[in-house]
Amino acid sequence: MASPILITGGTGTLGKQVVSRLRQTQRPLRILSRRVHDDSDGVSFVVGDLTSGQGVGAAVNGCDTIVHLAGSAKGDDAKTSTLLQAARSADVRHLVYISVVGADRIPVRTRADWLMFGYFGYKRAAEQRIESSGIGWTTLRATQFHDLILMVARGMAKLPLVPTPTGIRFQPVDTGEVAERLAALTLGEPSGIQPDLGGPRAYELKDLVGSYLRASNKQRPFVPLKVPGGAARAIRAGANLPIDGTLGTRTWEDFLAQHVTS
């Protein structure tokens, strides 16, 4: 019997879709989760925490491939180090990592940079730890998911005035298209950094929030803001947008029409 594939973050928005696709291959799957879940056909759960390290060794044991999707606003580097330590002890052959477009091009140095765009810095630090781990690795950098943009837009729409950083664009991508690519990479050999994966079109943040407001039949005044710092300057220059990468096909408008009703 083939060894199980371990997925961290397998219960999240992206993780569920990756698991769904990998289940079709008939490979046994194991999901690391902080909470108890019932096993299902072909999928088992192990309770563990990448922050404390509890249960991680047991989760990794016997796996030759890990799909590392667990992520948060900060601390991805430390959590990745915990996973890598266990993976080396278990002789894992291949680690597949989801990162973010621009992690290698957005400088996160000052306090303002870390406050607003620390996510990119943590992702880059995690990438570097994986690259120097001695384990075979594959990293896919994707732009922000439609689901995340929708969550941000909903939160901003609750405010009486909507602050919108000027000159900042996003090129949101469909989570399912990212999951499809990750599943294929998981079944392949370690192949290093992959071409960026982004959505088919870039949008100003104001336009993304504005289209959500129109779709939900709401009105809010916008307040333009210029965000300081080197990271913000890089993003205004497009460092968070894919360069010579692969573009998905599902647009923000298509996603919004399916998920938002007035």
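Given the structure is predicted, the values throughout are model-derived calculations rather than measurements. (Residues numbered from 1 in each chain as written. Predicted model: local features only at pLDDT ≥ 70, side-chain atom pairs only at ≥ 80, totals over all residues. Heavy atoms only, no water.)

### Some details on the pattern of salt bridges
And then number 1: With the rule as written, the count across this model stands at 13 salt bridges.
And then number 2: Arg-141 is paired through a salt bridge with Asp-104; the nearest N and O atoms lie 3.2 Å apart. Placement of Arg-141 in strand β6 (residues 136–142) and of Asp-104 in the loop between β5 (94–100) and α4 (111–131) is noted, with a sequence separation of 37 residues between them.
And then number 3: Arg-124 is paired through a salt bridge with Glu-131; the nearest N and O atoms lie 3.4 Å apart.
And then number 4: Looking at Arg-124, the relative accessible area reads 23%, which means it is partly exposed.
And then number 5: Judged by relative accessible area, which is 30%, Glu-131 ranks as partly exposed.
And then number 6: In this structure, a network of salt bridges that share partners links the residues Asp-104, Arg-105, Arg-124, Glu-127, Glu-131, Arg-141 and Asp-196. (Salt bridge = Lys/Arg side-chain N within 4 Å of Asp/Glu carboxyl O. Helix = DSSP H or I, 4+ residues; strand = E, 2+ residues; numbered from the N terminus. Buried < 20%, exposed > 50% of the residue type's maximum accessible area, 1.4 Å probe, protein only.)

### Structural notes on the environment of Ser-89
And then number 1: Examined against the element boundaries, Ser-89 turns out to sit in helix α3 (residues 76–89).
And then number 2: For Ser-89, a relative accessible area of 63% gives the class exposed.

### Things to note about unusual backbone geometry
And then number 1: The phi angle at Asp-91 is positive, at roughly 60 degrees, despite the residue not being glycine.
And then number 2: Judged by its relative accessible area of 65%, Asp-91 falls in the exposed class.
And then number 3: Backbone geometry places Asn-217, a non-glycine residue, at a positive phi of 60 degrees.
And then number 4: Position of Asn-217 among the secondary structure elements: in the loop between α7 (205–215) and β12 (222–225).
And then number 5: When its relative accessible area of 65% is taken as the criterion, Asn-217 is described as exposed.

### With respect to the packing of aromatic side chains
And then number 1: By the definition in use, this model includes 3 aromatic pairs.
And then number 2: When the ring of Tyr-119 is compared with that of Phe-120, the centres are 6.2 Å apart and the planes differ by 80 degrees; the resulting orientation is edge-to-face. (Phe/Tyr/Trp six-rings, centres within 6.5 Å; stacked < 30°, edge-to-face > 60°.)

### Observations concerning the packing of helix α5 (residues 146–157) against α7
Helix packing geometry: the angle between the two helix axes and the distance between the axes.
And then number 1: Running from N to C, α5 and α7 point in directions that differ by 75 degrees, and their axes come no closer than 9 Å. With respect to their mutual orientation, α5 and α7 come out roughly perpendicular. Of the residues in α7, those in contact with Ile-149, Leu-150, Ala-153, Arg-154, Met-156 and Ala-157 of α5 are Leu-205, Leu-208, Val-209, Tyr-212 and Leu-213.
And then number 2: By residue class, the composition of the contact of α5 with α7 is 10 nonpolar, no polar and 1 charged. (Axes fitted to C-alpha atoms, helices over the stretch in contact; angles between N-to-C directions. Parallel < 35°, antiparallel > 145°, perpendicular 65-115°, else oblique. Contact = heavy atoms within 4.5 Å. Nonpolar A, V, L, I, M, F, W, Y, C, P; charged D, E, K, R; others polar.)

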